[in-house]
Amino acid sequence: MSQKKLYITTPIYYINDVPHIGHAYTTVAADVLSRYYKSQGEDVFFLTGVDEHGSKIAEAAKKAGKKPKEFADSLVPRFQQAWKNLNIDYSEFFRTTNPEHEKIVKDTISKLKDLGFIEKRKYTGLYCIACEKFLLPDELVDGCCPDHGTKPTEHSEENYFFLLSKFSDKLLSAIEAGNYQILPESRKNEVVGKIKAGLDDVSISRQKVEWGIPFPGDETQTIYVWIDALINYWSAQEVFNQDNIWPPDIQLMAKDILWFHAIIWPALLMALSLPLPKKIFAHGFFTFGGQKMSKTRGNVLDPNVLVEKFGADAVRYSLLREFPFGEDGDISEEKIAGRYQNELANNIGNLLNRTISMINKYQVKIDQSRKEYSDETISRYPIAEFSKDIENFQFDKILQKILFIAEFANRIIEENKPWELAKNNKEKLEEVLQSVYEFLKLINERISPFMPVTAKKMKKQLETLEPEPLFPRIEK
Ligand code: ME8
């Protein structure tokens, strides 16, 4: 068996509609991590995909006048195209209608039954179709789902239950021992609090949902879409012939689905005696005009439109730059436009452009072959510090630090006035432009996982010394 690959996952997104900027956020972050780890010599398996079963998809398909599978088939290319537009270099794209996956999900349920972790019981509760879950009365806001603002409907049915309550202690010790890291810390505390408050067994089958994987041994029920979905991370090994990825190293998601990933998912794995993921990170939620953005509410930002306008790299940059990964924040086209103009075009882009122009104009000899940075340059952002920041998911800080380097280098130019040095101090001129050139190389290296296309363009310009605007003016 070859060496373990670094396994990074995003959630598999519901395919009831086209992807929106919230989906793009998680996927871009995963791509940045994947590109960074690859640059460090790791073999990375980066998985994303879509969640195709359940009543939410069935309802959307019905509205569109299509069969669920046919409807999903029509949307898969929309996800794939959106990721292509954003330069997401995923390894494989998962679909839960994959027959191998469906078989593994059934086998997993049968195994859990044989192990005595599944029981049939009657259940009555309030169900939110948009969440695909039962809500507890104290979770409701004015009688409505806190996330979707819609009234849940009362459901009563006989279901198969997974005996989650048996796993409280085991979960707590795994979390406390750090075998299973939940990040950020505040989220971990939230999860620990919930476990300590007591876990109820969870229903893992649905009587009324037809569009799903049949429950083994009881064809009147389908497997709860969340169980089907979580198992994708495991079945990917079989589906994509990967024998060296388990366990996942980094699983990304937003806080909305932390419960499933931080509690149900590890408990399922424990029941099956399988190794747990190493790290899961729940980032915050984008709001749009102060409101939660969701397909159900219809206030979504289309990543493709933004990419069309600003280019993939500027969108990737703006998403991760706007606020700390892990916290909530507001996003808008105006904010992206502002970052594009002030930070990318006027700062980094301008630095590159004016530096290359001056090197050419004053015929300065730059030593381009230097592999090592001078102490002065590298001390602005040493690789060890960069690695630590990225491994700690501090994307906003990293981009800020890179921007500071650009600002600093621009200041060097302002203060030393190469246009005057060109008249009377060639030696100093060379020194100043060499130093700015090195800062550009450093910026180039550090932005590369975030803005791969820009990094490539920048590298080329630094090699050929042929200037070309990195971030052209945006047509309004
Ligand atoms: O929950 N801000 O799918 P989903 C930030 N199929 N991130 C957001 C966001 C927002 N406003 N909106 C969505 C599901 N996301 C299940 C997952 S996994 C086994 C099954 C991102 O389409 C974020 O990653 O509702 C969030 O967790 C995910 O999309 C939810 O996607």
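Residues numbered from 1 in each chain as written. Predicted model: local features only at pLDDT ≥ 70, side-chain atom pairs only at ≥ 80, totals over all residues. Heavy atoms only, no water.

**So, the sheet that holds strand E3 (residues 92-95)**
The cut-off we apply is this: In short, DSSP must find at least two bridges between two strands for them to pair. Each helix is a run of H or I in the DSSP string that is no shorter than four residues. Each strand is a run of E no shorter than two, and both are numbered from the N terminus. Axis geometry follows a simple rule: fit a line to the C-alpha atoms, using only the stretch in contact for helices, then measure angles between N-to-C directions, giving values from 0 to 180 degrees. Should any heavy atoms of two residues lie within 4.5 Å, those residues are counted as being in contact.
The parallel open sheet is built from six strands, whose spatial order is E3-E2-E1-E12-E13-E7. In this open sheet, the two edge strands, each paired with only one partner strand, are E3 and strand E7 (181-183). On average, each strand axis in the sheet is inclined to that of its neighbour by 20°, with strand direction left out of account. Relative to strand E12 (residues 250-254), strand E1 (residues 6-14) runs parallel, the two sharing two bridges. Pairing of Ile8 across the sheet is with Ile250, part of E12. Packing of helix H1 (residues 21-39) onto the sheet brings it into contact with E1, strand E2 (44-51), E12 and strand E13 (279-283), and relative to E1 it is tilted by some 165°. Strand contacts of helix H6 (residues 185-196): E7 and E13, with the helix running at about 115° to E7, the strand carrying the most contacts.

**Section: the nonpolar core**
We count it as follows: Definition used in this section: a nonpolar core is a set of buried Ala, Val, Leu, Ile, Met, Phe, Trp, Tyr and Cys residues joined via side-chain atoms within 4.5 Å. Three exposure classes are used, based on accessible area relative to the maximum for each residue type with a 1.4 Å probe and protein chains only: buried under 20%, partly exposed in between, and exposed over 50%. Start and end points for every domain follow an automatic or database-based domain assignment.
Of all hydrophobic cores here, the largest spans 161 residues; its most connected members are Phe162, Leu320, Phe395 and Phe450. There are two domains that each give this core at least three residues, and those are domain 1 (6-283) and domain 2 (332-464). Residues within four places of Phe395 in sequence aside, it is in contact with Ala29, Val32, Leu33, Leu320, Phe325, Ile390 and Phe450. Counting five residues, the second-largest nonpolar core is a separate cluster that includes Cys128, Ala130, Cys131 and Cys145.

**Here we look at the sheet that holds strand E9 (residues 205-206)**
Spatial strand order, E9-E11-E10: three strands in an open sheet with antiparallel pairing. Looking at the sheet topology across the chains shown, the edges are occupied by E9 and strand E10 (214-215). Relative to strand E11 (residues 218-223), E9 runs antiparallel, the two being bridged by two bridges. Residue pairing in the sheet places Ser205 in a bridge with Ile223 of E11.

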